Amino acid sequence: MSVAAPTDVSGPRLNLPDFCAARAVLAVALICELTAVVLTLARTGPTAQLWMDLARTSLFLLWIGLGCAALLCALRHYLGRLSLPLASGVALGAMVAVVAAVSEVSLWMAHGAWFGAPRSALSAAGEAWRFRLGNLAIGAVVAALALRYFHVSGEWRRNVELQARARVHALQARIRPHFLFNSMNTIAALTRSNPAQAEEAVQDLADLFRATLNDQRQHITLAEELEVARTYERIEKLRMGERLKVIWEVADLPATAEVPSLLLQPLLENAIHHGIEPRPGGGVVTVSGVLDADLIGITVRNPLPEANEPAREGHRLALANIRERMELMYAGRARVETGRQGDEYVVRLRFPRIDATTRPPA
Amino acid sequence: MSARILIVDDEAPARERLRALVESGPLGEVVGEAANGEEALRLAGGLTPDVVLLDVRMPGMNGLEVARHMALLPAPPAIVFTTAYDAYAVEAFEAEAVGYLLKPVRTERLAAALERAARLASPALDRLAGREGQAAARTHIGVRRRDGVHLVPLTEVLYFSADQKYTTLRHSGGSELIEDSLRALEEEFGSRFVRVHRNALVQRHCIAGLERDDAGQYHVVLRGAPERLAVSRRLVGELREQLRI
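Summary of the structure given here.

What counts as what
- Throughout this document, residue positions are counted from 1 along each chain, in the order its sequence is written.
- Going through the entries in the order they are written, you letter the chains from A and number the ligands from 1.
- Owing to the predicted nature of the model, reporting of local features is limited to residues with pLDDT of at least 70; listing and counting of side-chain atom pairs is limited to 80 or more, with chain, interface and lining totals taken over all residues.
- The way it works is that DSSP assigns letters per residue, a run of H or I at least four long becomes a helix, a run of E at least two long becomes a strand, and they are numbered from the N terminus.
- Labels follow a simple rule on C-beta atoms placed from the backbone: if 20 or more others lie within 10 Å of a residue's own, it is buried; if 12 or fewer, it is exposed; otherwise it is partly exposed.
- Here contacts are defined at the residue level, using C-beta atoms placed from the backbone and a cut-off of 7 Å between them.
- Two strands make a pair as long as DSSP finds a minimum of two bridges between them.
- In this analysis an axis means a line fitted to C-alpha atoms, helices contributing only their contacting stretch, and an angle means the value between N-to-C directions, from 0 to 180 degrees.
- Geometric relationships in this document are graded by angle, where less than 35 degrees denotes roughly parallel, more than 145 denotes roughly antiparallel, 65 to 115 denotes roughly perpendicular, and other angles denote oblique.
- Helix crossings fall into two classes, left-handed where the near helix is turned counterclockwise from the far one by less than a right angle and right-handed where it is turned clockwise.
- Residue classes follow a fixed rule: Ala, Val, Leu, Ile, Met, Phe, Trp, Tyr, Cys and Pro count as nonpolar, while Asp, Glu, Lys and Arg count as charged, and any other residue, Gly among them, counts as polar.
- Buried Ala, Val, Leu, Ile, Met, Phe, Trp, Tyr and Cys residues form a nonpolar core when they are connected through C-beta atoms within 7 Å.

## A short note on the overall build of chain A
Per the secondary structure count, chain A includes 10 helices and 7 strands. Residue burial in chain A is summarised as follows: out of 362 residues, 28% are buried. Pairs at least 24 residues apart make up 74% of the contacts formed inside chain A by residues separated by at least 6 positions.

Written as structure tokens, this is what we have:
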């Protein structure tokens, strides 16, 4: 298979806030301070010892918090290059190391009885080890929770962005003004010569625009999407006549499978716009589909424009749009491959079958 | 006024509608319809229409190129471009004061355009074609004939040569006199043709090799024609470099 590999092969990355930024450092300091207040209140209660205990705990936690922030800030480029599990491990290790280091320093200071720590409490060897191990365990659990939280909230933010962008792209990429005005012109001609056909063309155009502009649903069934693509084909066929031929080999496709709306129609539009329109003699577009276990494969092929014809631009937008929306729906389990195969241009989609009935109704 | 009109559009419904519009009033008479640029030029030579309604966007030869070739006709027709939507083209037409109609065409606009239908000078068309960016280079070279314009596909051209007055186009079947200057041709087709001498521009893939005679003069050996073309001394190095690639 000579189809080019998909461009995005990188796996998921660890999402961390930018700990070099003042905002994040302030947030870390605040969280440490609040935690210190909670711990002190729980441990000593509102007694005379409260302020001393709070000062010590705050100092200890702030060192840990700011140390972790500084280390993650310094490591951010390095972490960005690692895979998700590896980066999580390294970040966790770094934070536990900071806890260990700060614990050691506080032990050392306790020996010197700075801050008036009761000498007996931490100087006993057994107490010191309990202090170290306890801190490490707490540090590891809190660091793991924090990493998980950062990652999930980062993913969520990325998804929201992706979704918003996909919507905007869907609107921009869908309406080729050329198509709209050409269709209007065709209908104007048919109104005189063949009113019945003109009426049908107006209905087709309305259906197509409804699918493009109005449909609030993100997903539709494959059968519906195929119908939208066929509607589009009918309109183009009125205009281009014998020059356009579309072969549908889609009997194997599961009609009830859910797909992002406008998955196929833009591909057909691209194939006609770039492959058929520039050729004086026209050509054939083939849409074929297979179902392999629970994997759906759809292929759209069109002839390449002849060598001395200027290439038309602009098919990347629609493809990028489809890639994004498939990523949103199938999260890493879908592939979009494009490339030349002999004298044809081929777009191949592959995605898992998700049936409408297996999902709760939206 | 009854103009004799030729309709050129690759889409049958678009042609049909223009014909219906013209025939619905006293605007003129449709003398022919063409579905592509080459057919349009062939018909224009024989039918000598007054006005050509010419679609800008057609497969193969686009409307701007057709218009440039039509300017070579003994009686060049007035050109009115039609386009469904070309933000860019419309802007260019306005700048060059060229007649154009937006599809679907309104009867009153068509009437106004046919009335105005001023002869479009070829320099304006050349400028227009130049601004059209990707479509700047023609796909054919037009040769003026008594009965119309004969088109030579660019792919069949072996070389262009010039003496003081004329530019000659040599193709596999013979040679023709054309109106374009060598300098303009080089500018337009610089990517496919290579200058070998002050007076010759050769299609790159038609060069079979270089030959040196007893006097030390280099000549280009052609694929598809027996004659040799002199290579000017200062271009020998550059040419060798290019042919190696």
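## Structural notes on helix H3 (residues 63-70) of chain B
Within H3(B), 8 of the 8 residues are buried, which leaves the element mostly enclosed by the surrounding structure. Every buried residue of H3(B) is listed here: B:Gly63, B:Leu64, B:Glu65, B:Val66, B:Ala67, B:Arg68, B:His69 and B:Met70.

## So, the pairing of strand E8 (residues 157-162) of chain B
Residue and element names in this part refer to chain B. For E8, the buried fraction is high: 5 of the 6 residues fall into the buried class. Between E8 and strand E9 (residues 167-171), which pair antiparallel in sequence order, lie 4 residues. Bridging between E8 and strand E12 (residues 200-203) involves 3 bridges; their strand directions are antiparallel. Looking across to E12, one finds that Tyr159 is bridged to Val202.

## Details of the environment of A:Ala188
Topologically, A:Ala188 is positioned in helix H6 (residues 177-193). When the 20 C-beta atoms within 10 Å are taken as the criterion, A:Ala188 is described as buried. Between the C-alpha atom of A:Ala188 and that of A:Ala198, which follows or precedes it by 10 residues, the distance is 7.8 Å. Look past the residues within four positions of A:Ala188 in its chain and what remains in contact with it is B:Arg17 and B:Pro104.

## What to know about the packing of H6(A) against helix H1 (residues 12-23) of chain B
The N-to-C vectors of H6(A) and H1(B) enclose an angle of 60°; their axes lie 8 Å apart at closest approach. As far as their axial angle goes, H1(B) and H6(A) are oblique. Between H6(A) and H1(B) lies a crossing whose hand is left-handed. From H6(A), A:Asn185, A:Thr186, A:Ala188, A:Ala189, A:Leu190, A:Arg192 and A:Ser193 reach across to H1(B), where they touch B:Pro13, B:Ala14, B:Glu16, B:Arg17 and B:Ala20. Considering only residue class, the contact of H6(A) with H1(B) consists of 6 nonpolar, 3 polar and 3 charged.

## Some details on the nonpolar core
Formed by 110 residues in total, the largest nonpolar core has its most connected members in A:Leu268, B:Val80 and B:Val202. By residue number, the principal contributor to this core is helix H8 (residues 222-240) of chain A, which donates 7 residues. Every residue in contact with B:Val80, bar those within four places of it in the chain, is listed here: B:Val51, B:Leu53, B:Leu54, B:Gly99, B:Tyr100, B:Leu101, B:Ala113 and B:Ala117. In terms of nonpolar packing, the next biggest core, distinct from the first, is built from 19 residues, A:Leu14, A:Ile64, A:Cys68 and A:Ala87 among them.

## Topic: the interface of chain B and chain A
With 18 residues of chain B in contact, the opposing surface of chain A contributes 22 residues. For the side of chain B that touches chain A, the class distribution of residues is 9 nonpolar, 5 polar and 4 charged.

## Some points on the pairing of strand E3 (residues 51-55) of chain B
All names here are of chain B. Across the 5 residues that make up E3, a large majority, 5, are buried. Residues Val51, Leu53 and Asp55 line one face of E3 and the alternating positions Val52 and Leu54 line the opposite face, and both faces are buried. Sheet topology note: the strand E1 (residues 3-8)/E3 ladder contains 4 bridges and is parallel. When the sheet's bridge partners are listed, Ile5 is paired in E3 with Val51. Judged from the 5 bridges that link them, E3 and strand E4 (residues 78-83) form a sheet pairing that is parallel. In the sheet register, Leu54 faces E4, and the bridge partner there is Phe81.

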